[in-house]
Structure formats: structure tokens, C-alpha cells
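Listed below, chain by chain, are the residues.
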Amino acid sequence: MQQPATGAPRPRGLELSLLRRFPDVEADNLHAHDATDELILDRAGAELAALAAGGQGGGALAVVGDRYGALALGAAGGHGLERIRVHQDPLSGELALAANAARLGLAGSFESLPLSAKLFAGATVVLWQLPRSLDEVDEVAALIAANAEPGVRIYAGGRQKHLAVAMNGVLGRYFGNVLPGRAWHKSRVLEVDSPRDQLPARAFPRKDWNDDAGLWLCAHGATFAGTKLDIGTRFLLDFVPLMRPGAARAIDLGCGNGTIAAFLAASRPELRLLATDQSAAAVASAAATAEANGLGGRVTVVRDDAMAGFPANSADLVVLNPPFHVGATVHAGIALKLFDAAARVLAPGGELWTVYNRHLDYRGQLQERVGPTEIKGRNPKFTVAVSVKPAF
Ligand SMILES: C[S@@+](CC[C@H](N)C(=O)[O-])C[C@H]1O[C@@H](n2cnc3c(N)ncnc32)[C@H](O)[C@@H]1O
């Protein structure tokens, strides 16, 4: 396919500026699509048109890493494609895609699926917003190579600053051709095809022993910190003996690989644990971590956006290492949303324990949103705070 002559992708049938991020955090500096989406849709345009012209009898489209639906709905709205299979790791992205599709009359055009063989089975075209984590690239590439059609064409794009050369190496383990296209508006698309006959052995979830936590940590590719113990979490674990004495119901909010839930379950036998995250990879990883440490019966894992489905006043203790990024943008919104969620789900007298970078100074927000807040510890990088939900 030819590079756009002017350097600017031609507009497709769907105006991407109509997309919203809702129910994810919305703000002036946060957008629902980017130049990478436009470039991927442009570069894949001829393949998508051919798929549509053939009545989709000869193939299928899979989309992975779509942020808020620009790729899936761009293909559906711009080319009339249907039965598009989509995987998005964060639940907020999945909900935004569904809301955008409903608003734009495209609700029946796609199906959201887990990251699995079924997502890519028989796929002839794959549109992929590349993640920054090489492990995530590895896990997705392995599934595409093992399950898509041998003639599959993959359009994998990202912001140039996030596209490491090492990514080409990872993709090259699974595919014979990895061809970087020209950059446009600081984005670039890699055209990838020819799955290899001999594929590396399945590697996910990864599982590593961590001496500091005294636990096996397990992780799928998209999981924050992978199988490592985050250094903020490492500091927070020192305070576990002080956390709400007598608590029975505890929540590891934003559980990632499930370190906090497993550590609490192992060190406080009286606790029943819920581990929750909006990331599909995180919940699968937290469940694997609990199992690997013989704690599967003590930890229940739930995928949810900021505990939206959890009853109010139902926990004695919430433990949180909040993200301070929304996608690639540094933004406090997501931490504040999680503080509000903890305030709702904690029972009166319940405690929220958080760790955050020293420079963030969340104390005022915690005080206002949850209740009286005390700083329990500081090291050169992090602060640990406890906030108590008032009785009334
Ligand atoms: C800084 S990481 C901490 C992960 C893990 N607790 C640890 O200590 O390694 C923050 C986690 O919050 C999760 N998260 C972000 N937004 C969320 C939301 N709206 N609802 C639930 N979890 C969310 C992310 O997926 C990520 O796993």
C-alpha cells in the first residue's frame, strides 16, 4: 500500500473526534484517539476494503490494544466491517468502546474477547496499538502467530518515542517480516507478516520467586511491574502489621500481579481478600500469584473499574498503590477516582492505606475524600498514608 502522498492520512468514513473516553477519566489534555490510530487505519485501508468487498467470507479482522474504539469503530464505520474481534486490557477501554459504538450506531459490529486463541483464530488482518511493555508484545505476538491464518497481515503502530528497537526483535521471533513504515505526526506503523513455523515455547504467565516478598509472583505481559516487586509496594508491605487490627475483609485495589493480596493473605490468616483491577492481565496474574503460593482459596479476584460493582460499606481495609499515569499521560485523575471508590466501599472506621511518590502530596485529597489522614512513613522516594473513614 502507498504512503499517503501529502503525509496526512485520508479521512475514513468515521470521524474519530466523535469518540469519547467515558467512563474513563476525561480532561482537556486526554484524548480518545491519536495519530497512531489514524495511521494504522490508513495503512491497513486497502486490506480492510478488500475484506469488506469479499463479504468477509475470506477472512476476519482482529483488533488488539484499541484504546477507546478508534480502530474497531474506524474499521466498522469506515469499511462496513462486522464480526470484528477486539481485545482491550483495561475494562475502561472496553466500556468506552461499547459506549462509543452505541452512540454511533455500530454496536453490533464487534465482539469483545479475552486475550486468547479465539481472538485470533482465522484472522487475516490484525490492527494493533502496540504496548510499551516488551512482555506484552511477546504474549500477543505469540498468540497471533500460533492462531491467525498463515497469510495474516498485521498493522502494529505506536508513538515513535515508545517504539523500542527491541520490539522489532521480539516480533522477529514470531514473524519473518517486520517492516517499519515512515513516521507521521510522531507515530509509526510496523507492517508484520509471515508467522514462523517454529514458535518459541509458551511463556505466560511468567512466574518468579521474590525474596523480599517471600512469594512467587506471576504475571501476564500487560501487568504492571511484571513479576517484579514494585519499590513503592515494597515499602508499603512494611506497614502490613499496623493495618486495621481486627479487620476481616480486605481489598487489594489495583492489584496488578497480586503481591499485596498474597502478602496480606499469607501474613494475616484472619483476613478474607478481594483483589481487583480493571486490567484483564492483572486479574489473571493476581489469581495465578495466589494459586502459586497456595493461597487460591483465600483470595478472590475480580475485574472491575474502580470497584464499581462492589457494595458500599463492605470492607474493613483497602490497600492501594495508585497509578499516576492515565495511559502515557501523567494525570492525578485516576488516583482520585480510586480514593473516591475506597471511600465508598470502606465501612465506617475502615482504613485506606496508600503509598505514593513523595512529590505527589496526596494527603489533602485523601483527607477530603476519605477521612482523617496520617502519614505513617516516608523514605527518600515514597510516602505511606492511612486514611480512616469517619463513622458518620
Ligand atoms: C501502580 S499499579 C500497582 C499494582 C500492584 N498493586 C502492585 O503493587 O504491583 C496500579 C494498578 O491500578 C490498576 N488500575 C488503574 N486504573 C484502575 C481502575 N480504574 N480500576 C481498578 N484498577 C485500576 C492498574 O491496572 C495497575 O495494575
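Per chain, the residues get numbers from 1 upward, laid out in the order the sequence is written. Where totals are concerned, whole chains, interfaces and linings use all residues; where local detail is concerned, this predicted model gives features only for residues with pLDDT of at least 70, and gives and counts side-chain atom pairs only at 80 or more. Side-chain calculation: all heavy atoms of the structure are included, whereas hydrogens and water are not.

Identification of the protein as Methyltransferase from Arthrobacter silviterrae is taken from an unreviewed UniProt entry.

A.B. asks: Could you give me a rundown of the site of the ligand, with the residues and numbers involved?
C.D. replies: Neighbouring residues of the ligand: 17 residues in total, closest Thr233, Gly254, Asp277, Asp305 and Ala306. Any pair of N or O atoms that falls within 3.5 Å is considered a polar contact. Within protein, one atom must be able to donate a hydrogen and the other to accept it, and sequence-neighbouring residues count only if both atoms are side-chain atoms. Separating an oxygen atom of the ligand from a side-chain N or O atom of Asp277 is a distance of 2.6 Å. Considered on its own, the ligand offers 590 Å² of accessible surface; in the complex 93% of this is hidden by protein. A breakdown of the residues in the shell around the ligand according to their chemical character gives eight nonpolar, six polar and three charged. By convention in this text, a residue qualifies as near a molecule or strand provided that one of its non-hydrogen atoms is within 4 Å of it. Shrake-Rupley sampling with a 1.4 Å probe provides the accessible areas, and residues are treated as covered by the protein chains on show and by no other component. Each residue gets one label: Ala, Val, Leu, Ile, Met, Phe, Trp, Tyr, Cys and Pro are nonpolar, Asp, Glu, Lys and Arg are charged, and the others, such as Gly, are polar.

A.B. asks: How would you summarise the side chain of His87 if you had to cite specific residues and measurements?
C.D. replies: Mapped onto the elements of the fold, His87 is located in strand β2 (residues 84-87). Exposure categories follow from relative accessible area, calculated using a 1.4 Å probe and restricted to protein chains: below 20% of the type maximum is buried, above 50% is exposed, and the middle band is partly exposed. Given the relative accessible area of 8%, His87 is considered buried. In this structure the side chain of His87 is engaged in a polar contact, spanning 3.2 Å, whose partner is the backbone nitrogen of Leu115. Every residue pair with non-hydrogen atoms within 4.5 Å of one another is taken to be in contact. Leave out the neighbours within four places in its chain, and His87 touches Val63, Val64, Gly65, Asp66, Leu113, Pro114, Leu115, Leu119 and Ala280. Numbering of helices and strands runs from the N terminus; a helix is a DSSP stretch of H or I covering at least four residues, while a strand is a stretch of E covering at least two.

A.B. asks: Any chance you could break down the domain arrangement of the protein for me, citing the residues and the numbers?
C.D. replies: Here the protein is partitioned into domain 1 (16-195) and domain 2 (206-388). In this document the domain limits rely on a domain assignment from an automatic tool or a database. The straight-line distance from the C-alpha centre of domain 1 to that of domain 2 is 31 Å. Each side of the interface is counted separately: domain 1 has 21 residues, and domain 2 has 18 residues. Summed over both partners, the interface of domain 1 with domain 2 buries about 1,500 Å², with 49% contributed by carbon and sulfur atoms. Joining two parts hides part of their accessible area as seen by a 1.4 Å probe, and the buried area is that hidden amount summed over both. Per-residue buried area on domain 1 facing domain 2 is highest for Val25, Asp89 and Leu91; these three make up 35% of the total on that side. Put simply, a salt bridge is a Lys or Arg side-chain nitrogen that is within 4 Å of an Asp or Glu carboxyl oxygen. The interface formed by domain 1 and domain 2 includes three salt bridges. Put simply, Arg303 and Glu94 hold a salt bridge, and the shortest N to O gap is 3.0 Å. Linking domain 1 with domain 2 are 13 residue pairs in polar contact (both at pLDDT 80 or more). Counting residues per element, the ones that place at least two in the side of domain 1 that touches domain 2 are α4 (91-103) and α6 (134-147). Looking at the side of domain 1 that touches domain 2 residue by residue, the class counts come to seven nonpolar, six polar and eight charged.

A.B. asks: Tell me about the packing of aromatic side chains, residues and numbers included.
C.D. replies: For Phe, Tyr and Trp, rings pair up if their centres lie within 6.5 Å, where Trp contributes its six-membered ring, and each pair is then called stacked (planes under 30 degrees apart), edge-to-face (over 60) or tilted (otherwise). The full count for this structure, using the stated rule, is five aromatic pairs. Note on Phe239 and Trp353: the rings are 6.2 Å apart at their centroids and 35 degrees apart in plane angle, and the pair reads as tilted. Taken as a pair, Phe239 in the loop between α8 (231-237) and β10 (249-253) and Trp353 in strand β16 (residues 346-357) lie far apart in primary sequence, 114 residues in all. For Phe239, a relative accessible area of 9% corresponds to the buried category. With a centroid separation of 5.1 Å and 65 degrees between ring planes, the pair formed by Tyr356 and Tyr362 is classed as edge-to-face. Residue Tyr356 is classed as buried on the basis of its relative accessible area, which comes to 4%. Within the aromatic cluster, the residues linked to one another by ring pairs are Phe235, Phe239 and Trp353. By definition, being over a ring means that NZ of Lys or CZ of Arg is both within 6 Å of the ring centre and within 35 degrees of the ring normal. Positioned above the aromatic ring of Trp216 is the side chain of Lys207, whose terminal nitrogen or guanidinium carbon lies 4.8 Å from the ring centre.

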